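Each chain, written out:
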Amino acid sequence: MTRLSKLTSRLSAETAFTVLARARALKAGGKDVVELEIGDSPFPSTPAAKAAGIRAIEENRTGYGPSLGLPELRAAAANAVRTEFGIDARAENIVVASGAKPFEQYFAEAFLDPGDGVLIFSPHFPTYEPNLERRGARAVLAPLRAEDDFRPTADAVKAFLEHDPRPRAIFLNSPHNPTGGVATREDLAAIANLVRGTDVVIFSDEPYCHMLWSGTHASIAAEPGMLAQTVAAYTFSKSYSMSGWRVGFAVADPRVVETIGLLINTTASCSPPFVQIAAAAALEHDHATRDEYMARFRRKVERLSTGLARIDGVKVRQPAGTFYVFPGVQAICDRLRITSHGLALFLLEAADDRFGVACLGGECFGAAGAGFLRFSCAEDDARIDQALEFLPRALDRVDRVKSFLDQNPQFKLARPYGAA
Ligand SMILES: Cc1ncc(COP(=O)(O)O)c(C=O)c1O
């Protein structure tokens, strides 16, 4: 057997993609599955983006481009974050890549050395830790609490700065996947006041910047002086339903932008020009469709959270942002003696032979997520209703839970979560 690196033995995958593959395999075998596991959009990519992308291919914009991104997209992106979020950005503050996710790796490679401490509020997006692993950096987890509306606290940042032997970076994600929590301007100002002028850098992951269900989006990069020590990542995946195009950008200090450009130059070379032209068109012409999509997502989130709240044993907090609902199911798990991840797989695979609901156990986002499920709004309303109708019936199928646990003892709940 060929020997693989130590790094690969420690890498873990984003579980949503694993459950997606399982759901698709069951569907291929004839099962009817409502897919609420992956954070994707049921809507088509916005129209100006599609038209511009097709035109660009026809005009043969299909060769290499600059590693930092096309000038027209960098200018349009700077304009967008300046006017929408108050970030003092110009084109030289922007670097383009294939979505928001690659910036986790570029950030780690640009700033982190082995042993550096990185504060992550948890539950958290599952690829943060593998990307720290690439550089041998250390994840320091601080809990996000339902009673704080899942908002990051300055107290946790203060404790990290005071007690960690080598504090170097903080990962923020607002609006937050999976909890739907949103950091307020005041939360971010308090955190900025603690780190401003220190050697600590911030990765601000903001893919859901247009999915706020009250108030307006705040970025720590807009706080005075903070652009100098922040990399804020944005994507077209969620706002413009363009996840498969793989395009996003980051806002940072020009020196950091140049460094990330070097990392791109030595790996991906560049993002495809025709994709970037489509993205620039989205920024320039697709605001109305984007806003209409966001309104539809909002109604879906309300539909899903209201429906879930009616189910016995489910505790729902209306998400302040994102298209996820993150209900507490501790009481159900304790009653059925099953872990939340086990419960998610039961609903998909074993609750019924012909019908299933795909969602994720909260522990896919770290141990702090145990006792919760994450549902996305990735399906039509009628399908969401079908899932809501199915769930209470599935949760009553105690005999099926028992045989599922007999076959999969790893999902037996060793100690009750203790429903709060
Ligand atoms: C918190 C967070 N960061 C990054 C990403 C990745 O976004 P993209 O598809 O643009 O790479 C996602 C996607 O679900 C996300 O939820």
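The model shown is predicted, which means the values in this text are computed figures rather than measured ones. (Residues numbered from 1 in each chain as written. Predicted model: local features only at pLDDT ≥ 70, side-chain atom pairs only at ≥ 80, totals over all residues. Heavy atoms only, no water.)

Participant: Would you explain unusual backbone geometry in this entry?
Facilitator: Across residues other than glycine, the phi torsion is negative in most instances, and most of the peptide bonds are trans. For the bond running from Ser-174 to Pro-175, omega is -15 degrees, close enough to zero to count as cis. Relative to the helices and strands, Pro-175 is located in the loop between β5 (167–173) and α8 (185–195). With omega at 15 degrees, the peptide bond leading from Asn-177 into Pro-178 counts as cis. If you trace the backbone, Pro-178 turns up in the loop between β5 and α8. Even without glycine at this site, Ser-241 takes up a positive phi of about 50 degrees. Within the secondary structure layout, Ser-241 lies in the loop between α9 (236–239) and β8 (248–251). Judged by its relative accessible area of 7%, Ser-241 is buried. Positioned with a positive phi, Ser-269 is a non-glycine residue whose angle comes to about 75 degrees. Mapped onto the elements, Ser-269 comes out in the loop between α10 (254–265) and α11 (273–285). The class of Ser-269 is partly exposed, set by a relative accessible area of 29%. (Helix = DSSP H or I, 4+ residues; strand = E, 2+ residues; numbered from the N terminus. Buried < 20%, exposed > 50% of the residue type's maximum accessible area, 1.4 Å probe, protein only.)

Participant: How should the sheet that holds β5 be read in this particular structure?
Facilitator: Note on sheets: strands pair through backbone hydrogen bonds, and any given pair is parallel or antiparallel. Taken in spatial order, the 7 strands line up as β2-β8-β7-β6-β5-β3-β4 in an open sheet, and their pairing is mixed. Two strands bound the open sheet, and with one partner strand each, they are β2 (94–97) and β4 (138–143). On average, each strand axis in the sheet is tilted by 20 degrees relative to the strand beside it, whichever way the strands run. With 4 bridges joining them, strand β3 (residues 117–122) and β5 adopt parallel strand pairing. In the sheet register, Val-118 faces β5, and the bridge partner there is Ala-169. (Pairing = 2+ DSSP bridges. Axes fitted to C-alpha atoms, helices over the stretch in contact; angles between N-to-C directions.)

Participant: Hey, could you run me through helix α5 (residues 102–111) in this one?
Facilitator: The element α5 is largely enclosed, with a buried count of 7 among its 10 residues. Listing the buried residues of α5 in full gives Pro-102, Phe-103, Glu-104, Tyr-106, Phe-107, Ala-108 and Phe-111.

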